[in-house]
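Here are the chains, one letter per residue:
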Amino acid sequence: MSINDSLTWLQQLPLAVTIAESNWLYPILEATHVLAIGIVFGSIAMVDLRLLGLAWRERSIDDLTATVLPWTWVAFALAVLTGSLMFISKADVFFHNLPLRLKFACIALAGINMLVFHGVTHPRLASAACGPALPRAARAAGGISLSLWIGVVCAGRWIGFTL
Amino acid sequence: MIENFCTWLAATALSRTLAPLEWLVPIVQTVHILGIAVTLTALVMLDFRLLGWARRGPPTQEFSARILPALWVALLVLLMTGALLTVIEPKRELLSNVFRVKMLLVVALAASSVTMGRTLARDGSGSTWLKPVAAINLVLLVAIVAAGRFIAYV
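Residues numbered from 1 in each chain as written. Chains lettered and ligands numbered in written order. Predicted model: local features only at pLDDT ≥ 70, side-chain atom pairs only at ≥ 80, totals over all residues.

### Side note on the overall build of chain B
A count of helices and strands for chain B gives 7 helices and 0 strands. In chain B, the succession of α and β elements from N to C terminus is α-α-α-α-α-α-α. Taken along its principal axes, the extent of the C-alpha atoms in chain B is 55 × 25 × 25 Å. Taken over 154 residues, chain B has a buried fraction of 28%. Taking as baseline every contact in chain B between residues at least 6 positions apart, the subset at least 24 positions apart corresponds to 81%. (Helix = DSSP H or I, 4+ residues; strand = E, 2+ residues; numbered from the N terminus. Buried ≥ 20, exposed ≤ 12 C-beta atoms within 10 Å, placed from the backbone. Contact = placed C-beta atoms within 7 Å.)

Below, the structure is given as structure tokens:
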């Protein structure tokens, strides 16, 4: 099955058709998507600012992360759900949309950045995780993450102007 | 009367300079969304704590004291970007019923939040009517974001 066939198949799903033909369903999905992204960005920003040593300096990384990350995951799941529902309603258009591709690229890079931090940088922090000034790798992880997620929001808004 | 104001605003030097810049509205809207993200996260986390739905992390009063500076900055950003968007496209906002509803909701949320802040400072987080206020705040937040998105559709 070619990509175009897959996209057509997605668009013809009853759910996709319902969303595409409804006057209010798509805007509601969008509004929920904005709420979800808001919490994703806000919560990730808290951790990133901590890594950069700009905020929450008296809390340890592990402590802050344990409190904040549940919010991030739930909000991200909601963002993926609402995003997927919007995507299938116009699968062909969205698949070829440049800002959407950039948005996904930023999310993927942010994920890689997070994995590197989790697997490589963070295990080396240990005792230093309580201090206000963290090693360069940790600060870089925070700065890269914040930049990429700002890129996600930017690219996401840009989609609306290119549809 | 509002239409006359829109016409006047659209004719100002600032509006006439900014309106033709196609890339400006998306950028200003993006900054507006980032402001929403900070405001939303801070207030939702606080409201969940007051409702007893989130227990991890610092005590409620300490948390609210910590987020307050970020919240003020975010609100300022929202106000400035919102004003800029209105200057660039006066009719889109000022003649929209959805926008007017959004502004009323913002005023309601502001009043509710100020009251909540005062109660927290004075009585601590134990006061019984902080819970319904927190619940109302959550509803207002969702409604404001939804209204903001719906401006484009109505």
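### Re the overall build of chain A
The secondary structure content of chain A amounts to 7 helices and 0 strands. When the helices and strands of chain A are listed from N to C terminus, the series reads α-α-α-α-α-α-α. When burial is assessed residue by residue, chain A has 35% of its 163 residues classed as buried. Within chain A, contacts between residues separated by at least 24 positions form 80% of all contacts whose residues are at least 6 apart in sequence.

### Points about helix α4 (residues 61–89) of chain A
When the terminal C-alpha atoms of α4(A) are compared, their 40 Å separation across 29 residues agrees well with the 42 Å that a helix rising 1.5 Å per residue should span. The principal kink in α4(A), of about 35°, is found at A:V68, preceding the proline A:P70 by one to four residues. (Expected span 1.5 Å × (residues − 1). Bend = angle between axes of the 7 residues up to and from the residue.)

### Some thoughts on the nonpolar core
In terms of nonpolar packing, the biggest core is built from 60 residues, with A:I39, A:V40, A:F41, A:V153 and B:L40 touching the most fellow members. Secondary-structure elements contributing two or more residues to this core are α3 (25–51), α4, α6 (98–125) and α7 (136–160) of chain A together with α3 (24–50), α4 (60–88), α6 (97–123) and α7 (130–150) of chain B. Considering each element in turn, this core owes the most residues, 14 residues, to α3(B). Aside from chain neighbours lying at most four places away, what touches A:V40 is A:T72, A:A75, A:F76 and A:A79. If you look at the next biggest cluster of nonpolar residues, it comprises 7 residues, including A:L29, A:I88, A:A91 and A:L100. (Core = buried A, V, L, I, M, F, W, Y, C linked by C-beta atoms within 7 Å.)

### A look at the interface of chain B and chain A
Tallying the contact residues gives 20 residues for chain B and 18 residues for chain A. Elements represented by at least two residues in the side of chain B that touches chain A include exactly α3 and α7 of chain B. A total of 12 residues in the side of chain B that touches chain A trace back to one element, the largest contributor, which is α3(B). Here the side of chain B that touches chain A is composed, by residue class, of 14 nonpolar, 4 polar and 2 charged. (Nonpolar A, V, L, I, M, F, W, Y, C, P; charged D, E, K, R; others polar.)

### As for the packing of α6(B) against α7(B)
Residues and elements named next belong to chain B. At a minimum axis separation of 9 Å, α6 and α7 run at an interaxial angle of 155°. Our classification of the angle between α6 and α7 gives roughly antiparallel. The way α6 lies across α7 gives a crossing that is left-handed. For the pair α6 and α7, contact is made by V98, V101, K102, L105, V106, A108, L109, S112, S113, T115, M116 and T119 and by L130, V133, I136, N137, L140, L141, A143, I144, A147, G148 and F150, respectively. The residue inventory of the contact of α6 with α7, partitioned by class, reads 16 nonpolar, 6 polar and 1 charged. (Axes fitted to C-alpha atoms, helices over the stretch in contact; angles between N-to-C directions. Parallel < 35°, antiparallel > 145°, perpendicular 65-115°, else oblique. Left-handed = near helix turned anticlockwise from the far one by under 90°.)

### Comments concerning the packing of α7(A) against α3(B)
Taken N-terminus to C-terminus, the directions of α7(A) and α3(B) make an angle of 130°; their axes are 9 Å apart at the nearest point. Considering their axes alone, α7(A) and α3(B) lie oblique with respect to each other. The chirality of how α7(A) crosses α3(B) is right-handed. Residue-level contacts link A:I150, A:V153, A:C154, A:R157 and A:W158 of α7(A) to B:P26, B:Q29, B:T30, B:I33 and B:L34 of α3(B). Taken together, the residues of the contact of α7(A) with α3(B) break down into 7 nonpolar, 2 polar and 1 charged.

### Some words on the environment of B:R100
As for its position among the elements, B:R100 is in helix α6. Between the C-alpha atom of B:R100 and that of B:K131, which follows or precedes it by 31 residues, the distance is 28 Å.

### Remarks on unusual backbone geometry
Glycine aside, residues mostly have negative phi angles, and peptide bonds mostly take the trans form. Despite not being glycine, A:W56 has its phi angle at roughly 50°, a positive value. By the element assignment, A:W56 lies in the loop between α3 and α4.

### Observations concerning the confidence of the model for chain B
Residue and element names in this part refer to chain B. On average, residues of chain B score 92 in pLDDT, and 100% of them are at 70 or above. Ranking the elements of chain B by mean pLDDT puts α6 last with 91 and α3 first with 95. In the model output, the complex is listed with pTM 0.92 alongside ipTM 0.90. (pLDDT = per-residue confidence, 0-100.)

### Here's the deal with α6(B)
Residues and elements named next belong to chain B. Between the first and last C-alpha of α6 there are 38 Å, a value that for 27 residues agrees with the 39 Å anticipated at 1.5 Å per step. Of the positions making up α6, those classed as buried are K102, L105 and M116. On its buried side, α6 packs onto α7. After α6 finishes, the residue G124 shows a positive phi value of roughly 80°.

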